[in-house]
Amino acid sequence: MERQHYRVDGLVNETIKTQMKNSLDKIDGVDNVCIDLGRGTVEVIYNPPATKSEIENCIERTGHFIE
């Protein structure tokens, strides 16, 4: 099981949090997504076939940047 932790800009409300969580949950292999609005962080726990690159691309496709 892999774990990636990201600092992401623009995590400002529950709607954005829900949209990002739903997008990441659609990736095959993602087991758990934890988003902390106060810290502006996203933690993703996953197994193959999910990849770090796929997760990062998903975050950026939601309109946010990884810091």
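In what follows, the structure referred to is the one given above.
Computed from a predicted model, the values in this text were never measured in an experiment.

Chemist: Where do I start with the pairing of strand β2 (residues 30-36) in this structure?
Modeler: The side chains of a regular strand alternate between both faces of the sheet. Here β2 runs beside strand β3 (residues 41-46); their pairing, made up of six bridges, is antiparallel. Looking at the pairing, Val30 lines up with Tyr46 of β3. In textbook terms, the turn of a hairpin is the stretch between consecutive antiparallel strands, and for β2 and β3 this stretch comprises four residues, one of which, Gly40, has a positive phi near 70 degrees.

Chemist: Hey, could you run me through helix α1 (residues 14-25) in this one?
Modeler: Side chains of residues three or four places apart in an α-helix project in the same direction, reflecting 3.6 residues per turn. In a regular helix each residue adds 1.5 Å, so twelve residues correspond to 16 Å; α1 covers 16 Å between its end C-alpha atoms and thus fits that length. Those residues of α1 not exposed but buried are Ile16, Met20 and Leu24. Along α1, the residues classed as buried sweep out an arc of 60 degrees about the axis, all on the same side. Considering only its buried residues, α1 is in contact with β2, β3 and α2 (52-61).

Chemist: What's the story with the packing of α1 against α2 in this structure? I'm lost.
Modeler: What describes two packed helices is the angle between their axes and the distance between those same axes. Running from amino to carboxyl end, α1 crosses α2 at an angle of 145 degrees, the nearest separation of the two axes being 10 Å. Note on packing geometry: the crossing formed by α1 with α2 is right-handed. For the pair formed by α1 and α2, the contact residues are Met20, Ser23 and Leu24 on the first element and Ile55, Cys58 and Ile59 on the second. Classifying every residue of the contact of α1 with α2 by side-chain character gives five nonpolar, one polar and no charged.

About the thresholds
- Residues numbered from 1 in each chain as written.
- Predicted model: local features only at pLDDT ≥ 70, side-chain atom pairs only at ≥ 80, totals over all residues.
- Heavy atoms only, no water.
- Pairing = 2+ DSSP bridges.
- Helix = DSSP H or I, 4+ residues; strand = E, 2+ residues; numbered from the N terminus.
- Expected span 1.5 Å × (residues − 1).
- Buried < 20%, exposed > 50% of the residue type's maximum accessible area, 1.4 Å probe, protein only.
- Arc of directions from axis to C-beta.
- Contact = heavy atoms within 4.5 Å.
- Axes fitted to C-alpha atoms, helices over the stretch in contact; angles between N-to-C directions.
- Left-handed = near helix turned anticlockwise from the far one by under 90°.
- Nonpolar A, V, L, I, M, F, W, Y, C, P; charged D, E, K, R; others polar.

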